[in-house]
Amino acid sequence: MSDSSDQEEIPPHLARYREYKRKQELRKKKKSAQSAPAQESPHASPDNPSSTLDNIINHPLTTPLLKLALWVFLLLFFAHHEFGSVFFLVSIPVFVWQSMEEYKRGPRELSAYSVFNKNLEKLDGTFTSEQWERELKYGAAAVRKQD
């Protein structure tokens, strides 16, 4: 009996929250599937050394530990050649850039900083300088009527 035209559109902030929860559930399922024991695989026997190597290579901490080991090695190398402080100062922006690369926003997901959004779109509930100025001039009631 319910017609699709009768249904109201979901507000954007609720849609983003639902999408966030859906992605979180997918990550949990993926993590539990990875941690589940293997089903009688020829590579999963304790006698097979390649299964241990596969477990080490596929472990989620392998890549960060290798990156850290490489960074420490390079720091020591450059420190030995008296460029340790230069290497350290150059590596700081590299770490910042790498950490920003980890999380990619979805096509319709807004940034908390409006300057990074298309058409400078602001998040719902953002307190702006224009709103503050109106509150100072005309009181809080004027802002509620206008927004």
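Reading guide: rules and limits
- Residues numbered from 1 in each chain as written.
- Predicted model: local features only at pLDDT ≥ 70, side-chain atom pairs only at ≥ 80, totals over all residues.
- Heavy atoms only, no water.
- Helix = DSSP H or I, 4+ residues; strand = E, 2+ residues; numbered from the N terminus.
- Buried < 20%, exposed > 50% of the residue type's maximum accessible area, 1.4 Å probe, protein only.
- Contact = heavy atoms within 4.5 Å.
- Areas by Shrake-Rupley, 256 points an atom, 1.4 Å probe, with all protein chains shown as cover.
- Phe/Tyr/Trp six-rings, centres within 6.5 Å; stacked < 30°, edge-to-face > 60°.
- Salt bridge = Lys/Arg side-chain N within 4 Å of Asp/Glu carboxyl O.
- Patch = residues over 30% accessible without salt bridge, like charges linked within 9 Å, V, L, I, M, F, W, Y side chains within 5 Å.
- pLDDT = per-residue confidence, 0-100.
- Polar contact = N/O pair within 3.5 Å; in protein donor to acceptor, adjacent residues only side chain to side chain.
- Expected span 1.5 Å × (residues − 1).

**Quick word on the overall build of the chain**
Okay, step 1: In terms of helices and strands, the chain carries six helices and zero strands.
Okay, step 2: Counting from the amino terminus, helix and strand elements in the chain follow one another as α-α-α-α-α-α.
Okay, step 3: Counting across all 147 residues of the chain, residues that qualify as buried make up 10%.
Okay, step 4: In the chain, 14% of the contacts between residues at least 6 apart in sequence involve partners at least 24 apart.
Okay, step 5: Counting only carbon and sulfur atoms, one obtains 61% of the accessible surface of the chain, whose full area is about 13700 Å².

**Some words on unusual backbone geometry**
Okay, step 1: Residue Asn119 is not a glycine yet carries a positive backbone phi of 60 degrees.
Okay, step 2: With respect to the helices and strands, Asn119 occurs in the loop between helix H4 (84–101) and helix H5 (129–138).
Okay, step 3: In this structure Asn119 comes out as exposed when scored by relative accessible area, which is 75%.
Okay, step 4: With a phi close to 50 degrees, Leu120 is a non-glycine residue in the positive phi region.
Okay, step 5: Assignment of secondary structure puts Leu120 in the loop between H4 and H5.

**Observations regarding the packing of aromatic side chains**
Okay, step 1: The final tally for this structure, using the stated rule, is five aromatic pairs.
Okay, step 2: Between Phe78 and Phe87 the ring centres are 5.1 Å apart and the planes differ by 15 degrees, which places this aromatic pair in the stacked class.
Okay, step 3: Pairwise contacts between aromatic rings join Trp71, Phe77, Phe78, Phe87, Phe88 and Phe95 into one cluster.

**Things to note about the pattern of salt bridges**
Okay, step 1: Counted according to the given criterion, the structure contains two salt bridges.
Okay, step 2: Arg22 serves as the salt-bridge partner of Glu19, at 2.5 Å between the closest nitrogen and oxygen. With Glu19 and Arg22 both in helix H1 (residues 12–35), this residue pair falls three residues apart, about one helical turn.
Okay, step 3: With relative accessibility at 31%, the residue Glu19 sits in the partly exposed group.
Okay, step 4: A relative accessible area of 43% places Arg22 in the partly exposed class.

**Some thoughts on a nonpolar patch on the surface**
Okay, step 1: On the surface, a nonpolar cluster with roughly 480 Å² of combined accessible area is contributed by Leu61, Leu65, Leu68, Val72 and Leu76.
Okay, step 2: Topologically, Val72 is positioned in helix H3 (residues 62–80).

**As for the confidence of the model for the chain**
Okay, step 1: Chain-level statistics for the chain give a pLDDT mean of 77 and a share of 76% at 70 or above.
Okay, step 2: Mean pLDDT values over the elements of the chain span from 66, in helix H6 (residues 140–146), up to 91, in H3.

**So, the side chain of Ser111**
Okay, step 1: Locating Ser111 in the fold gives a position in the loop between H4 and H5.
Okay, step 2: Residue classification places Ser111 among the buried positions, given a relative accessible area of 9%.
Okay, step 3: Side-chain polar atoms of Ser111 contact the backbone nitrogen of Tyr113, separated by 3.2 Å.
Okay, step 4: Every residue in contact with Ser111, bar those within four places of it in the chain, is listed here: Arg105, Phe116, Asn117 and Leu123.

**So, H3**
Okay, step 1: Across its 19 residues, H3 extends 27 Å between first and last C-alpha, which sits within 8% of the 27 Å expected from 1.5 Å per residue.
Okay, step 2: Glu82 occupies a position one or two residues after H3 and carries a positive phi of about 65 degrees.

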